[in-house]
Amino acid sequence: MNFSEKELKRLEKKAKGLRFKCLRTCGIDCCTMLSVLVSPFSSISFIAGYFRFSLSLKEVFIFGVEPVLGQNSLLPMLWKKEGFPCIFMVISGRPTCRIWEDAPISCITYPAGLYKKPTGEIKVVLSPEVRCPEDAFLEGEPLEKLAKRAEEKFQKQAEFTELYLKRITPILPKYLEKQKEIVKQLAAERKKQVKEDEISIIVQKSVALELLAIAVGMHADGKLTPQNLVDEYEKQINKSLKS
């Protein structure tokens, strides 16, 4: 969450004492209208499912979902765009989620959220984008208990992010530049003109997919941990830079 300390304290105060129960009567606005960023330790099931859809549909990019690299962190993620129904939402009958057991952190905790203070303490806040009807807050679980369900995933994601920022973010720009040169060379060989900004977008998306695919493969082999994934990213990137 990219909010000021003052705003986080305000949202934390609003979350205290609130209870919540999803009534599933609103058309599941949260699964359609909200934007969600998904990293390997937020929901590997979402990412693996995305790749399965892309294979079955023979399309690299799935409607409403886009591979991205974080603006400053360069973290590889899938971006479920605002206004698009989630690809894992089942809308026939009572709305359900195909991957609820491993849904993204923000989905599990909604309408609450988690953030980590500089001290390492994890706090529960009310989402600044609450789309739920008022009746949903009349009964149910305390928001704090609901949000704590995702605490283990949140801790792993925080560990992964910290390692990634230290070891991968500093070396990835050079790798991106190398990939840009490869794209330019291929375009020249095929006598195609591609704008510089278009090349940057193509490369960022392809590198995000490449890194996410490594995570999916490690998960399938039972080797996905924050440390193992960053080790593998570093190994693959350095190997490419030396070739």
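A few points on the structure.

Rules of the game
Residues numbered from 1 in each chain as written. Predicted model: local features only at pLDDT ≥ 70, side-chain atom pairs only at ≥ 80, totals over all residues. Heavy atoms only, no water. Helix = DSSP H or I, 4+ residues; strand = E, 2+ residues; numbered from the N terminus. Rg over C-alpha atoms; globule rule 2.2 N^0.38 Å. Buried < 20%, exposed > 50% of the residue type's maximum accessible area, 1.4 Å probe, protein only. Contact = heavy atoms within 4.5 Å. Areas by Shrake-Rupley, 256 points an atom, 1.4 Å probe, with all protein chains shown as cover. Lys, Arg positive; Asp, Glu negative; His and termini not counted. Charge placed at Lys NZ, Arg CZ, Asp CG, Glu CD. Phe/Tyr/Trp six-rings, centres within 6.5 Å; stacked < 30°, edge-to-face > 60°. Core = buried A, V, L, I, M, F, W, Y, C linked by side-chain atoms within 4.5 Å. Expected span 1.5 Å × (residues − 1). Arc of directions from axis to C-beta.

Focus: the overall build of the chain
Then, in step 1: Each helix and strand counted, the chain has 9 helices and 9 strands in total.
Then, in step 2: For 243 residues, the compact-globule formula gives about 18 Å, and the C-alpha radius of gyration of the chain, at 20 Å, lands near that figure.
Then, in step 3: Looking at the 243 residues of the chain, the share that counts as buried comes to 42%.
Then, in step 4: A separation threshold of at least 6 residues defines the contact pool for the chain, and within that pool the share at least 24 residues apart is 71%.
Then, in step 5: Counting every atom, the chain has about 14,200 Å² of accessible surface; 53% of that belongs to carbon and sulfur.
Then, in step 6: Taking the 39 positively charged and 31 negatively charged side chains of the chain as two groups, their mean positions are separated by 1 Å.

A short note on the packing of aromatic side chains
Then, in step 1: For the coordinates displayed, the defined rule picks out 8 aromatic pairs.
Then, in step 2: Between the aromatic rings of tyrosine 164 and tyrosine 233, the centroid separation amounts to 6.1 Å while the plane-to-plane angle is 85 degrees, which identifies the pairing as edge-to-face. Here tyrosine 164 is found in helix α6 (residues 151-167), whereas its partner tyrosine 233 is found in helix α9 (residues 226-242), with 69 residues between them in sequence.
Then, in step 3: Members of the aromatic cluster, each reached through a chain of ring pairs, are Phe41, Phe160, Tyr164 and Tyr233.

Let's talk about the nonpolar core
Looking at soluble globular proteins, one finds that nonpolar side chains tend to be buried together.
Then, in step 1: Phe46, Phe160, Tyr164, Leu172, Val207, Leu229 and Tyr233 are the most contacted members of the largest nonpolar core, which has 44 residues in total.
Then, in step 2: Broken down by secondary-structure element, the contributors of at least two residues to this core are β2 (36-38), α3 (44-57), β3 (65-69), β4 (76-80), α6, α7 (172-189), α8 (196-220) and α9.
Then, in step 3: Residue contributions to this core peak at 11 residues, all from α8.
Then, in step 4: Residues Phe20, Leu114, Leu126 and Leu143 belong to the second largest nonpolar core, which totals 19 residues.

What to know about α7
Then, in step 1: With 18 residues, α7 should reach 26 Å at 1.5 Å per residue; the first-to-last C-alpha distance of 26 Å fits that figure.
Then, in step 2: Among the residues of α7, those classed as buried are Leu172, Tyr175, Leu176, Gln179, Lys180 and Ala187. Along α7, the residues classed as buried sweep out an arc of 145 degrees about the axis, all on the same side. Along α7, exposed side chains directed more than 90 degrees from the buried face belong to Lys174, Ala188 and Glu189.

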